[in-house]
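Below are the chains, spelled out letter by letter.
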Amino acid sequence: MIEELRSLAARFAAALFLMSLAVLALLGAAIWGAFALYLRLEEIMDAASAAAITGGVVLLVAAVLAGIACLVLRKSGSSGPKQPAVDPASGLPLGKNSPLKDLPLPGRPWERVYAGLIAGFCLGASPELRRSLSKIIEDYTRPPPS
């Protein structure tokens, strides 16, 4: 169980590192592209107009990306009856009539994401916290003595 968690954490860390590199490369390409547009426009007009047009294009691209992000994050409307979710451990249904509905989870999904990011940062920064959490998980997953 612990080895599976370690393997999953290692793969997640590698994927996060590679995605960070990809975002940095994309950011560099966007800056380089905006600068190239500015230099091209500067050949046919004054520098202030070229800078204004380049800034407008960058803002337009940012607005389009933000709009796409809002569409992706928006909850989809109900497109028909859905199967109720079932807790795999107990087999009990999750939802309005679930006995698990009073769990202290935040209501908005982004709060869970931020909580996970903060927890991941704390675990990454503190070796003592990692050891403590590993011991808790080992104690929890150890079978009871017979």
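No experiment lies behind these values; they were computed from the predicted model shown.

### Quick look at the overall build of the chain
Reasoning step 1: Summing up its helical and strand segments, the chain has four helices and zero strands in all.
Reasoning step 2: Shown N-terminal to C-terminal, the secondary structure of the chain runs as helices and strands in the order α-α-α-α.
Reasoning step 3: A buried classification covers 5% of the 146 residues belonging to the chain.
Reasoning step 4: Long-range pairs, those at least 24 residues apart, make up 18% of the contacts in the chain between residues at least 6 apart in sequence.

### Side note on the packing of helix H1 (residues 2-42) against helix H2 (residues 47-73)
Reasoning step 1: Contact geometry for H1 and H2: axes closest at 8 Å, N-to-C directions at 145°. Classified by chirality, the crossing of H2 by H1 is right-handed. Contact residues: H1 offers Ala34, Leu37, Tyr38, Leu41 and Glu42, while H2 offers Ala47, Ala50, Ala51, Ile53, Thr54, Val57 and Val58.
Reasoning step 2: Residue composition of the contact of H1 with H2, grouped by class: 10 nonpolar, one polar and one charged.

### Some thoughts on the pattern of salt bridges
Reasoning step 1: Under the counting rule described, the total for this entry stands at three salt bridges.
Reasoning step 2: For Arg40, the salt bridge identified is with Glu43, shortest N-O distance 3.1 Å.
Reasoning step 3: Classification of Glu43 as exposed rests on a relative accessible area of 59%.
Reasoning step 4: Between Glu128 and Arg131 there is a salt bridge whose closest N-O contact spans 3.2 Å. Note that Glu128 and Arg131 are positioned in helix H4 (residues 127-141) at a spacing of three residues, about one turn of the helix.
Reasoning step 5: Judged by its relative accessible area of 48%, Glu128 is partly exposed.
Reasoning step 6: Take Arg131: its relative accessible area is 52%, and that puts it in the exposed class.

### Some remarks on the side chain of Thr54
Reasoning step 1: For Thr54, the position within the fold is in helix H2.
Reasoning step 2: The contact partners of Thr54, leaving out residues within four places of it in the chain, are Ala34, Leu37, Tyr38 and Leu41.

### Remarks on the confidence of the model for the chain
Reasoning step 1: Looking at the chain, the pLDDT average stands at 76 and 73% of residues meet or exceed 70.
Reasoning step 2: Of all the helices and strands in the chain, helix H3 (residues 109-125) carries the lowest mean pLDDT, 73, while H1 carries the highest, 86.

Scoring rules and cut-offs
- Residues numbered from 1 in each chain as written.
- Predicted model: local features only at pLDDT ≥ 70, side-chain atom pairs only at ≥ 80, totals over all residues.
- Heavy atoms only, no water.
- Helix = DSSP H or I, 4+ residues; strand = E, 2+ residues; numbered from the N terminus.
- Buried < 20%, exposed > 50% of the residue type's maximum accessible area, 1.4 Å probe, protein only.
- Contact = heavy atoms within 4.5 Å.
- Axes fitted to C-alpha atoms, helices over the stretch in contact; angles between N-to-C directions.
- Left-handed = near helix turned anticlockwise from the far one by under 90°.
- Nonpolar A, V, L, I, M, F, W, Y, C, P; charged D, E, K, R; others polar.
- Salt bridge = Lys/Arg side-chain N within 4 Å of Asp/Glu carboxyl O.
- pLDDT = per-residue confidence, 0-100.

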